[in-house]
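Structural overview
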Amino acid sequence: MQVQRIFMFPAILGVLLSAQTKVSAQSCSTSFGDDTLTISYIKDGEYGVIKEPHKIPLNEYAIPDGDAANLAQNPSDTIRLNTLNYRLLDSLVWDECNNYRSKKGLNTVDWNDTIYAASKHHSEYQAYYNIIGHGEMDSMPLREKEQKHYNIVRVFSAEICLLRYCDAGRTTYDELAKAMVLQWKKSPGHNAIMITPKYKLNAFASAFRFSTLSLLTRENLQKYNPELLAKIESVLPDYFKYEKPDSTSLAVWCTGNFVESQEMKSEMDYIARATVRHNADGTTTYSNSYLLPRK
């Protein structure tokens, strides 16, 4: 799937850039796809294009939890990479969904860690392939058993997924959770699932990765394609000084799976061996011996 964005220089930088590189701010744009970087510009009154493979691996997506001893604990905490707490965000999305159901006069749905593992896998699958959608057509390296787990759960659950963007250091966990549920509420199909009375169990799980444009940095080009970096800095010496994307810009996927019955199907007996540990700080740790180690 081709993911491509276009962004422009801020107009206020036009005078600075014109004085130093003769590049028109209004005429310089960048697109960054799955495999190609394209920079269109006007320099000294002439149009030019740099278009080459950037070689930056987009599938290096995983942003892990933050420092275990320093995870964010409060809904009002700002999302930061060094304190990133997935379970906090996921539980807030679940709370927000249940609040919505309660206001509709509906039963709340109980959290289930088995469903959470499946939802977590699917969010990470979507982040890995940089897509949004239901089901999994492609295999995910080293994650075959988790993928099997997801596919079993998916058979008898109603699933909702989303992709949105946020800025680390500027967005709180509560703000993001509310924005996610609001996004689903505005979609008739997703909203219908959230307010279906018969559902008894569910779980939400998110996955962060750096947004596509935020991967376009001088550091990444130095590492993966120094020849292209040298060309850019030769033609457009101030490109990274003014055009560098916000490195804190994050893409976040969230998946929720809703199940009608309180009973797990017989095909899921092996999942029942999962270990669920309720920690003193109120968090829950889910593990299972069949899960393969992560890279």
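The rules behind these values
- Residues numbered from 1 in each chain as written.
- Predicted model: local features only at pLDDT ≥ 70, side-chain atom pairs only at ≥ 80, totals over all residues.
- Heavy atoms only, no water.
- Helix = DSSP H or I, 4+ residues; strand = E, 2+ residues; numbered from the N terminus.
- Buried < 20%, exposed > 50% of the residue type's maximum accessible area, 1.4 Å probe, protein only.
- Contact = heavy atoms within 4.5 Å.
- Areas by Shrake-Rupley, 256 points an atom, 1.4 Å probe, with all protein chains shown as cover.
- Core = buried A, V, L, I, M, F, W, Y, C linked by side-chain atoms within 4.5 Å.
- Axes fitted to C-alpha atoms, helices over the stretch in contact; angles between N-to-C directions.
- Parallel < 35°, antiparallel > 145°, perpendicular 65-115°, else oblique.
- Left-handed = near helix turned anticlockwise from the far one by under 90°.
- pLDDT = per-residue confidence, 0-100.
- Salt bridge = Lys/Arg side-chain N within 4 Å of Asp/Glu carboxyl O.
- Nonpolar A, V, L, I, M, F, W, Y, C, P; charged D, E, K, R; others polar.
- Pairing = 2+ DSSP bridges.

For the protein, the count of helices and strands is 9 helices and 10 strands. For the protein, the proportion of its 295 residues judged to be buried stands at 48%. In the protein, once contacts between residues fewer than 6 apart in sequence are set aside, the share between residues at least 24 apart is 67%. Summed over all atoms, the accessible surface of the protein reaches about 14400 Å², with 52% contributed by carbon and sulfur.

Attention now moves to the nonpolar core. Within the largest apolar cluster, 32 residues are counted, with the highest numbers of intra-cluster contacts made by V93, F208 and F258. Of all the secondary-structure elements, those providing two or more residues to this core are α2 (86-103), β6 (157-167), α5 (173-185), α6 (188-194), β7 (201-210) and β8 (249-259). With 7 residues, the single largest contributor to this core is α2. Beyond its immediate sequence surroundings of up to four residues, V93 is in contact with A177, M180, V181, W184, F204 and C254. Core analysis: the next-biggest nonpolar cluster, separate from the first, contains 17 residues, L37, I56, I232 and F240 among them.

In this section: the environment of D67. Of note, D67 is situated in the loop between β4 (46-53) and α2. In this structure, the C-alpha to C-alpha distance between D67 and N85, residues 18 residues apart in sequence, is 9.0 Å.

When two helices pack together, their arrangement is given by the angle between the helix axes and by the axis-to-axis distance. Remark: helix α3 (residues 113-129) packs on helix α4 (residues 144-155), axes separated minimally by 9 Å, with the N-to-C direction vectors making an angle of 115 degrees. With respect to each other, α3 and α4 are oriented roughly perpendicular. Once α3 is placed against α4, the crossing between them reads as left-handed. Taking contact as the criterion, the partners of T114, A117, A118, H121, H122 and Y125 in α3 are, on α4, E146, Q147, H149, Y150 and V153.

Right, let's talk about the confidence of the model for the protein for a bit. The predicted model of the protein has a mean per-residue pLDDT of 79, with 75% of residues at 70 or higher. In this model, residues 1-26 is a region of pLDDT below 50 whose contacts with residues beyond four sequence positions or in other chains number 66 contacts. Within the model, pLDDT remains below 50 along residues 288-295, and this stretch shows 20 contacts once partners closer than five positions in the same chain are excluded.

This part covers the pattern of salt bridges. For the structure shown, the criterion picks out 10 salt bridges. Taking the shortest distance from any N to any O, the salt bridge between R154 and E159 comes out at 3.4 Å. The residue K178 makes a salt bridge to D174 at a minimum N-O spacing of 2.9 Å. Within this pair, K178 and its partner D174 are both found in helix α5, separated by 4 residues, close to a single helical turn. Judged by relative accessible area, K178 falls into the partly exposed class, the value being 39%.

Attention now moves to the packing of α2 against α5. Look at α2 against α5: their axes get within 9 Å of each other, and the N-to-C directions meet at 50 degrees. Judged by the inter-axis angle, α2 sits oblique to α5. Every pair of crossing elements has a handedness; the one defined by α2 and α5 is right-handed. Judged by residue contacts, L88, L89, L92, V93, E96, C97 and Y100 of α2 engage Y173, D174, L176, A177, K178, M180, V181, W184 and K185 from α5. Here the residues of the contact of α2 with α5 are counted per class, giving 12 nonpolar, no polar and 4 charged.

We now examine unusual backbone geometry. Notably, D44 is not glycine yet its phi reads approximately 55 degrees, a positive angle. Structurally, D44 is set in the loop between β3 (36-43) and β4.

A separate point is the sheet that holds β8. Within a beta sheet, neighbouring strands are joined by backbone hydrogen bonds and run either parallel or antiparallel to one another. Sheet architecture is open: 4 strands sit in the order β5-β7-β8-β6, paired in mixed fashion. Edge positions in the open sheet fall to β5 (110-111) and β6, since each of these has one partner strand only. Bridging between β6 and β8 involves 11 bridges; their strand directions are antiparallel. Within β8, the position partnered with E159 by the bridge is N257. Sitting on the sheet, α2 touches β5, β7 and β8, and the angle it makes with β7 is about 135 degrees. Against the sheet, α4 engages β6 and β8, with an angle of about 120 degrees to β6.

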